[in-house]
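Structural description and commentary
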Amino acid sequence: MGNLCCCVQVDQSTVAIREQFGKFDSVLEPGCHCMPWFLGKRVAGHLTLRLQQLDVRCETKTKDNVFVNVVASIQYRALSGKANDAFYKLSNTRSQIQAYVFDVIRASVPKLILDDAFEQKDEIAKAVEEELEKAMSAYGFEIVQTLIVDIEPDEHVKRAMNEINAAARLRVAANEKAEAEKIVQIKRAEGEAEAKYLSGLGIARQRQAIVDGLRDSVLGFSVNVPGTTAKDVMDMVLITQYFDTMKEIGASSKASSVPARCATSPRRSATASCRAPPSPTTSRWFWSSFSHKEGAY
């Protein structure tokens, strides 16, 4: 109907290419245009000015001989001022862009090892964009944005990388655990040393208190009982402790005692007998009796 009325409609964000007798005539902007077909004018085609995206998957090899798939997204659009170049100079715009992307990626990624390729995605994208901009501007296209959206190594390589990462983390965890156990042992040893020090300090104070008490008792007894000497008081204390010890032994069900004569001569006192070491005969009798009792247990 438009051809019969010699009018054509061009949609928004689109331009039409008008020819006259097969030769480029003009670019028609959006709106209604007169198209006198009887004068040899016709619409050769339409060209969209909208932003388009092309996803390119390129397989290449890194410097450390790892094959990866690099996925790039190219956002481009045709320039209205160069619509005739965009329409006539390229027959397949997407294939042309894909070829340039392959060329730049396969020239850039083999210079990098795998870890650097992940880290320098922006540099790769910038190199692709600069090359495309320089090449496609001559054909009436503008490269708006270039993105490296993904770098996919082989599945076995990804599994190996994950295992390396897991092993490194396990090693760090083992070091931290060993360090924690070391700190616990050090703190336990410090606590035991402090406890032994305080225990020794308490024993020393206890003995000091006993010595002070004995000294006060000797002095008090010497004052209250005239004619006694410090030696007499100490002998009495020794005899008292001896009988206290025998009492404790008798109170224990598992303890055993060996009777021995305390005085072997009339001139030898009981305290002297307690202080003196046992004779060889007494020692042999004591150890034989003790061994016999141990065997009975």
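Criteria and thresholds
Residues numbered from 1 in each chain as written. Predicted model: local features only at pLDDT ≥ 70, side-chain atom pairs only at ≥ 80, totals over all residues. Heavy atoms only, no water. UniProt positions renumbered as here; feature names shortened; annotations may be inferred. Helix = DSSP H or I, 4+ residues; strand = E, 2+ residues; numbered from the N terminus. Phe/Tyr/Trp six-rings, centres within 6.5 Å; stacked < 30°, edge-to-face > 60°. Buried < 20%, exposed > 50% of the residue type's maximum accessible area, 1.4 Å probe, protein only. Contact = heavy atoms within 4.5 Å.

Naming follows an unreviewed UniProt entry, where the protein chain appears as Band 7 domain-containing protein of Urochloa decumbens. The heading Function (unreviewed entry) in the UniProt record of the protein chain holds the text "Positive regulator of hypersensitive response (HR)-like cell death. May be involved in potassium ion channel regulation."

Here S13, not a glycine, exhibits a phi torsion of approximately 60°, which is positive. Tracing the chain through its elements places S13 in the loop between β1 (7-10) and β2 (14-20). Non-glycine residue N65 carries a positive phi angle of around 65°. Position of N65 relative to the elements: it lies in the loop between β6 (52-61) and β7 (67-78).

Now for the packing of aromatic side chains. According to the stated counting rule, one finds four aromatic pairs in the structure shown. Pairing F24 with Y88 gives two aromatic rings, centres 5.9 Å apart and planes at 80°, and the pair type is edge-to-face. Here F24, found in strand β3 (residues 23-28), pairs with Y88, found in helix α1 (residues 83-88); they are 64 residues apart in sequence, far enough to count as distant. You can call F24 partly exposed: its relative accessible area is 33%. On the basis of relative accessibility, which here comes to 37%, the residue Y88 falls in the partly exposed class.

Position of E131 relative to the elements: it lies in helix α4 (residues 121-136). Separated by 28 residues in sequence, E131 and D103 place their C-alpha atoms 9.5 Å apart. E131 has contacts with Y100 and V104, leaving out every residue within four places of it along the chain.

The next subject is the environment of G140. The topology assignment puts G140 in the loop between α4 and β8 (141-153). Here the alpha-carbon distance between G140 and L90, two residues 50 residues apart in the chain, equals 9.4 Å. When neighbours within four sequence positions are excluded, G140 is seen to be in contact with R77, A78, L79, K82, D85 and A86.

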